[in-house]
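Reading the structure
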Amino acid sequence: MDRKSLSVFINVAATLNFSRVAELNHMSVSAVSRTIARLEEEVGAALLQRDRRSMHLTPAGREFEHFAKESVVRWDEMRRLLSSPDYLRGELSLFCSVTASLNVMGPVIEVFQSRYEHVDLMLHTGDQADGISRVLNRSDDLAVSGYPERMPQSLAFIELMESPLVLCIPMRDCSVRQQVLQPGVDWSRVPFILPERGVSRELLDLWFANLGVQPDVYAQVAGHEAIVAMVSLGLGVGVVPKLVHDGVGMSDRVELIAGPGNLPVLPVGLCALKQRLKDPLLATFWQVAAQTYKVA
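Residues numbered from 1 in each chain as written. Predicted model: local features only at pLDDT ≥ 70, side-chain atom pairs only at ≥ 80, totals over all residues. Heavy atoms only, no water.

Moving on, we come to empty space enclosed by the protein. Evaluation of the coordinates by the stated rule reveals two cavities of 30 Å³ or more. If you go around the largest cavity, you meet 16 residues; those closest to its centre are Ser97, Gln128, His224, Leu243 and Leu266. Broken down by secondary-structure element, the contributors of at least two residues to the lining of the largest cavity are β5 (142-146), α10 (224-232), α11 (242-247) and β11 (265-273). For the lining of the largest cavity, the element with the most residues is β5, which contributes three residues. Put simply, the second largest cavity is a space of about 30 Å³. In terms of lining residues, the second largest cavity is bounded by Asp127, Gln128, Ala129, Pro195, Glu196, Arg197, Val221, Ala222, Gly223 and His224. (1 Å grid on protein atoms, 1.4 Å probe; cavity = no way out; pocket = protein on both sides within 12 Å on 5 of 7 lines; lining within 4 Å. Points joined across faces, edges and corners; volume = space filled by probe spheres on them. Helix = DSSP H or I, 4+ residues; strand = E, 2+ residues; numbered from the N terminus.)

Written out as structure tokens, the structure is:
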């Protein structure tokens, strides 16, 4: 017994005409007849009395008509309630880096919380390279991540922005700065501070390979913010997304310079398990993110 079957019966009770009901519901007459027969079987009583000339409701049919009308009304009220922003409630967990929480998710979170005040948003921060794995193992519902070369089939990804990778050197006078700024610099001898894993590391490995450079890796660290901090101390040269450089507040301690070749661009977006997007909470947050960044 479903809403459509109940609606068909309500139309039949009102018109007592299968042909008219078939026209109203874009069905065949035989389909209307089968629907009534199925309802009678489920109820266990005849709902209509038919002969060659007329049709009328049986006592059971008149009782069932009241039930059908009330059920359809209550069903429609429930649908409106469940789709109302005031009803949406629960808890969502979002993983991203500290920089991404402000510069990527900040506008999305502001809009979402203003619309859905009964949803508790749990924000977890850490190395963006962990985002995809945290979604895959269900530690978090959603994560901000770069787009990997091999995207797991179980994941959905929506690109929100692009951030070019930029080459950072220490602002203060030090041996690293002098080495990089000298004419004819040998990039294979420059100490690099690199992300230890993640999408940006994949892009950088490909960049070095295209340049034919085997980098001198001074350190591999977790998190782009740590790379900028180490560069500011004069420990090496770093490559980070520009949104990180602009967001960590160290523009007076590191300098951006043009590097060899063209540095790649990092696609930044939101990922979630495809099957979890059936959840109204996840689906709504996903939609707000798309609307905020005007993603088609």
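Having seen it, we continue.
Where empty space is left in the structure can be found by rolling a water-sized probe over the atoms. Size it by volume and the largest pocket reaches roughly 150 Å³. Around the largest pocket, the lining residues are Gln128, Ala129, Gly131, Ile132, Ser145, Pro148, Arg150, Pro152, Gly198, Val199 and Glu202. If you list the elements that add at least two residues to the lining of the largest pocket, you get α7 (131-136) and α9 (199-211). Split into classes, the residues belonging to the lining of the largest pocket amount to five nonpolar, four polar and two charged. (Nonpolar A, V, L, I, M, F, W, Y, C, P; charged D, E, K, R; others polar.)

Tracing the backbone through its elements, the reader meets Glu23 in helix α2 (residues 18-24). Taking relative accessible area as the criterion, Glu23 reaches 53% and is therefore assigned exposed. (Buried < 20%, exposed > 50% of the residue type's maximum accessible area, 1.4 Å probe, protein only.)

Ranked by size, the top nonpolar core spans 63 residues in total, and within it Val104, Met105, Trp187, Phe192, Leu270 and Phe285 carry the most contacts. Per-element tally for this core: the top contributor is strand β6 (residues 155-170), with eight residues. With residues near it in sequence (within four places) discarded, Met105 still touches Leu94, Ala100, Val144, Leu160, Leu270 and Phe285. Counting 21 residues, the second largest nonpolar core, distinct from the first, contains Ile10, Met27, Ala68 and Val72. (Core = buried A, V, L, I, M, F, W, Y, C linked by side-chain atoms within 4.5 Å. Contact = heavy atoms within 4.5 Å.)

Before going further, it helps to examine the packing of aromatic side chains. According to the stated counting rule, one finds eight aromatic pairs in the structure shown. Pairing Phe112 with Phe285 gives two aromatic rings, centres 5.1 Å apart and planes at 65°, and the pair type is edge-to-face. Of this pair, Phe112 sits in helix α6 (residues 106-115) while Phe285 sits in helix α12 (residues 280-292), and the two are 173 residues apart along the sequence. For the residue pair Phe112 and Phe285, the accessibility class agrees, reading buried in each case. Ring pairing ties together the aromatic residues Trp187, Phe192, Trp207 and Phe208, which thus form one cluster. (Phe/Tyr/Trp six-rings, centres within 6.5 Å; stacked < 30°, edge-to-face > 60°.)

Before going further, it helps to examine the side chain of Thr284. Considering the arrangement of structural elements, one finds Thr284 in helix α12. For Thr284, a relative accessible area of 13% corresponds to the buried category. Polar contacts involving the side chain of Thr284 include one to the main-chain carbonyl oxygen of Pro280, which spans 2.7 Å. Once residues within four sequence positions are removed from consideration, Thr284 is found in contact with Leu88, Phe112 and Tyr116. (Polar contact = N/O pair within 3.5 Å; in protein donor to acceptor, adjacent residues only side chain to side chain.)

A word on a nonpolar patch on the surface. Together, Met1, Val43 and Phe67 make up a nonpolar patch on the protein surface, roughly 270 Å² of accessible area in all. With respect to the helices and strands, Val43 occurs in helix α3 (residues 29-43). Its relative accessible area of 37% is what places Val43 among the partly exposed residues. (Patch = residues over 30% accessible without salt bridge, like charges linked within 9 Å, V, L, I, M, F, W, Y side chains within 5 Å. Areas by Shrake-Rupley, 256 points an atom, 1.4 Å probe, with all protein chains shown as cover. Salt bridge = Lys/Arg side-chain N within 4 Å of Asp/Glu carboxyl O.)

Okay, the pattern of salt bridges next. A full pass over the atoms with the stated rule returns 13 salt bridges. Here Glu196 makes a salt bridge to Arg197, at a shortest N to O gap of 2.4 Å. Under the relative-accessibility criterion, Arg197 is labelled partly exposed at 31%. With its nearest N and O atoms 2.8 Å apart, the salt bridge here joins Lys242 to Asp246. Taken as a pair, Lys242 and Asp246 lie in helix α11 at a separation of four residues, close to a single helical turn. Connected via shared salt-bridge partners are Asp127, Asp130, Glu196 and Arg197.

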